[in-house]
Structures are given as structure tokens and as C-alpha cells.
Amino acid sequence: NAGVTQTPKFQVLKTGQSMTLQCAQDMNHEYMSWYRQDPGMGLRLIHYSVGAGITDQGEVPNGYNVSRSTTEDFPLRLLSAAPSQTSVYFCASSRFSGQYSGNTIYFGEGSWLTVV
Amino acid sequence: ILNVEQSPQSLHVQEGDSTNFTCSFPSSNFYALHWYRWETAKSPEALFVMTLNGDEKKKGRISATLNTKEGYSYLYIKGSQPEDSATYLCALNYGGSQGNLIFGKGTKLSVKP
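Residues numbered from 1 in each chain as written. Chains lettered and ligands numbered in written order. Predicted model: local features only at pLDDT ≥ 70, side-chain atom pairs only at ≥ 80, totals over all residues. Heavy atoms only, no water.

What chain B contains, in helices and strands, is zero helices and 11 strands. Listing the helices and strands of chain B from first to last along the sequence gives β-β-β-β-β-β-β-β-β-β-β. Against the 2.2 N^0.38 benchmark of 13 Å for 113 residues, chain B shows a C-alpha radius of gyration of 14 Å, consistent with a compact globule. Its C-alpha atoms put chain B at 45 × 30 × 20 Å along the principal axes. Every one of the 113 residues in chain B was classed for burial, and the buried ones make up 50%. Across chain B, the fraction of contacts at a sequence separation of at least 24, relative to all contacts at a separation of at least 6, is 53%. For chain B, the exposed surface amounts to about 5400 Å²; the carbon and sulfur share of it is 46%. For chain B, the distance from the average position of its 11 positive side-chain charges to the average position of its 10 negative side-chain charges is 2 Å. (Helix = DSSP H or I, 4+ residues; strand = E, 2+ residues; numbered from the N terminus. Rg over C-alpha atoms; globule rule 2.2 N^0.38 Å. Buried < 20%, exposed > 50% of the residue type's maximum accessible area, 1.4 Å probe, protein only. Contact = heavy atoms within 4.5 Å. Areas by Shrake-Rupley, 256 points an atom, 1.4 Å probe, with all protein chains shown as cover. Lys, Arg positive; Asp, Glu negative; His and termini not counted. Charge placed at Lys NZ, Arg CZ, Asp CG, Glu CD.)

Below, the structure written as C-alpha cells:
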């Protein structure tokens, strides 16, 4: 039972480098999202998607790009890494039944990113 | 900006103690409340999704209640065990764009044997 799979689990980047965090889910979920977790803060939404070809910004989108070419995959790109992007990143997916639903959200195990 | 507050921030209990913690949210912006259990280096695990005022849900020794009129939810753990040590997160679906969630900062529970 794969669920939501994120890679890499750990990454160290130099300031200015770019990289892609990969996320894949095998539950045929329409909704996928990326969050970041910083000390003393709740999970904050970076970008989300409600289906292939549809993406939108969350609360903290600056410095990140996403695309959704398939239902299964939702990669997160850091364009030019900055120390402020040092964080734990979580990918998540769920069924999508509209904005008022109570569908369970399934998370990946997280990607620890350090930018030096 | 909507705020979801969790208290306490951290909690240390002895094995066998029962404990509870609170999630507070704006009652005028409620559509669903989620509870998650998160151990570091693992995926946050869904515990409950609550949608109705007065809802009470149970999973083993863990239960949760919901009061949407006053804007709070309680999570209870009966007879805490060391394996219950984790951070417990609540998240509000406030009816915003596409049902996105707003997360609280979590309550970190440590259970000593």
C-alpha cells in the first residue's frame, strides 16, 4: 500500500540552486497539495491542485512552482533556493467533493530540506 | 485571517494517565474539522473528520467531540501509553477555496513509562 510517496526524504541545497520535490499517489485522488512545516507554526499550504492541468496558489506560494500533468504526480519546484525555504515539506492527497466536504487527507512522510 | 488555536502547546503525562487537549476555531467559518496524529519522520495519520455539531467519534482509546456553535473540539486519550507520544494536529475546513485546510500548531504529547 504505497499511498502518498515523496522523494527525496532529505536534501541539502546551496542558496540559488533549484530542485524538484517529487510526489506521487496511487489512490486516484483528484486533490493534491503541498505544505511546509516550520518550527512553532502550523502546516501552511504552498500550492494545490484539484485535477490534472489545474493548479492554484495557497498561503505561501512565493519561490515555488507546481504542475499537474497526470492525476498521480504533483512535483514541487524550488526555482532559486533561499535559506528561508529550509523546512519540512509534506505532500498530501484526497478525494475532492467540493469545498465543503470532509474528505480525509493522506500525507506523505515529508521531505527535510536545508538550504545553506 | 482565520486562526485555529490548539492548547496546550505541549503536555507531559505518565503512562496510564488520561489526557485531553483543545482545538479552537471561528464558529462562523466551519464546514469540517480534522484531527491528525503526527510522529516525526512519519506521515501525519488521520484520526477523525468531524462535520456535525455534537459529533463524538472514537478510535480505540482516543475520542473527540465537536461543538461548532462555540467553536471548539476536544481530543481525549484514555489511559495514555508511551506509543501515544506524538504531535496532535487539528485542521479546519472553513469553506474556502477548494476546501483547503487551516492547521493549528499542534499539541505535542509525551507519555513517560
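All names here are of chain B. With respect to topology, five strands assemble into an open sheet ordered 1-3-8-7-6, the strand pairing being antiparallel. Both edges of this open sheet fall to strand 1 (5–7) and strand 6 (56–59), since each of them pairs with a single strand only. Strand-to-strand, the axes of this sheet are offset by a mean angle of 15°, without reference to chain direction. (Pairing = 2+ DSSP bridges. Axes fitted to C-alpha atoms, helices over the stretch in contact; angles between N-to-C directions.)

This brings us to unusual backbone geometry. In this chain, A:Thr7 is followed by A:Pro8 through a cis amide linkage whose omega measures -5°. With respect to the helices and strands, the residue A:Pro8 is situated in the loop between strand 1 (4–7) and strand 2 (10–13). Residues other than glycine seldom take positive phi values, yet B:Ala41 does so here, at roughly 75°. Inspection of the secondary structure assignment puts B:Ala41 in the loop between strand 4 (32–38) and strand 5 (45–50). For B:Ala41, a relative accessible area of 34% gives the class partly exposed.

Residue and element names in this part refer to chain A. Most of strand 4 (residues 31–37) is tucked away: seven of the seven residues are buried. Burial along strand 4 is two-sided: the face carrying Tyr 31, Ser 33, Tyr 35 and Gln 37 and the face carrying Met 32, Trp 34 and Arg 36 are both buried. Sheet topology places strand 4 next to strand 9 (residues 87–94); seven bridges connect them, and they run antiparallel. Directly across from Ser 33, in strand 9, lies its bridge partner Ala 92. Hairpin connection, strand 4 to strand 5 (residues 44–51): the antiparallel pair is bridged by six residues, and Gly 40 has positive phi, about 75°.

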